[in-house]
Amino acid sequence: MSDSETLKKVHEVAKKATWAYLATGRGDQPKVRVVHPAFEGERVWVATGRKSAKASHIDKNPKVELFYQVGPDFVHLTVTGIARFIESAAEKKRVWDSKVFDYELSQFWPAGSASEDFGLMLITPSRIELTSLPEMTQGKPPLVWRAKKS
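These remarks concern the structure in this document. Treat the numbers as computed from the prediction; the structure is a model and nothing was measured.

Rules used in this analysis
Residues numbered from 1 in each chain as written. Predicted model: local features only at pLDDT ≥ 70, side-chain atom pairs only at ≥ 80, totals over all residues. Heavy atoms only, no water. Helix = DSSP H or I, 4+ residues; strand = E, 2+ residues; numbered from the N terminus. Salt bridge = Lys/Arg side-chain N within 4 Å of Asp/Glu carboxyl O. Pairing = 2+ DSSP bridges. Phe/Tyr/Trp six-rings, centres within 6.5 Å; stacked < 30°, edge-to-face > 60°. Buried < 20%, exposed > 50% of the residue type's maximum accessible area, 1.4 Å probe, protein only. Contact = heavy atoms within 4.5 Å.

Moving on to unusual backbone geometry. Of note in this structure, Thr 18 is not a glycine but carries a positive phi near 70°. Mapping Thr 18 onto the fold places it in the loop between helix 1 (3-17) and strand 1 (20-26). Notably, Lys 99 is not glycine yet its phi reads approximately 60°, a positive angle. Mapped onto the elements of the fold, Lys 99 is located in the loop between helix 3 (89-97) and strand 7 (118-132).

In the structure shown here, the tally under the stated rule is 11 salt bridges. Lys 148 is paired through a salt bridge with Asp 3; the nearest N and O atoms lie 2.3 Å apart. Pair noted here: Lys 148 is in the segment after strand 8 (143-146) and Asp 3 is in helix 1, with a separation of 145 residues, a long-range link. Linked through salt bridges whose partners overlap, the residues forming this network are Glu 40, Arg 43, Glu 91 and Arg 94.

Let us now look at the pairing of strand 2 (residues 29-35). Across a regular strand the side chains alternate sides, sitting on one face of the sheet and then on the other. In this sheet, strand 2 lies alongside strand 1 in antiparallel orientation, the contact comprising seven bridges. Residue pairing in the sheet places Tyr 21 in a bridge with Val 34 of strand 2. The hairpin turn running from strand 1 into strand 2, its antiparallel successor, is two residues long, and Gly 27 in that turn takes a positive phi close to 65°.

Inspection of every chain in the model, using the stated rule, returns five aromatic pairs. With a centroid separation of 5.7 Å and an interplanar angle of 65°, the aromatic rings of Phe 101 and Tyr 103 are classed as edge-to-face. For the ring pair Phe 108 and Trp 109, a centre distance of 5.8 Å and an interplane angle of 55° mean the geometry is tilted. Of the residues examined, Phe 108 reaches a relative accessible area of 52% and is grouped as exposed. According to the relative accessible area criterion, Trp 109 is buried, its value standing at 8%. Among the aromatic residues, ring-to-ring pairing joins Trp 96, Phe 101, Tyr 103, Phe 108, Trp 109 and Phe 118 into one connected group.

Looking now at the environment of Ala 23. Mapped onto the fold, Ala 23 is located in strand 1. Residue class for Ala 23 comes out partly exposed when judged on its relative accessible area of 25%. Distance from Ala 23 to Ser 115, taken between C-alpha atoms, is 25 Å for residues 92 residues apart in sequence. The residues touching Ala 23, leaving out its near neighbours within four places in the chain, are Lys 31, Val 32, Lys 63, Val 64 and Glu 65.

Structural data, given as structure tokens:
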């Protein structure tokens, strides 16, 4: 399967899931939280408070992992990558205005993309894995996408 076909399948699964668990690290202690990420091509966006605990963890250790579990078939989608916060007002406005997220960001940040606490986290995946419980029990390998080395 080509990279574009794999990413298309990943996007379809992620849209069905809505919620994912974001794992960050605080020192040697992993922390897991529920987030509502959005894919845009190979990139993954998360909107969150810029002064949140997860933001503080990412500022110190950018390695993250997202895990989605979808529906009764137990489809598993795991995104491993590096997170960073976008500080560019133009990029924050672009993402806000493009409606990448399938919910209204203004319910959390009424002042819009320029809200002081609007944190726009970009996760750049290095690896994405997609599988399901039925496939695992049949011994089928997961579908894996890896970032191109530059």
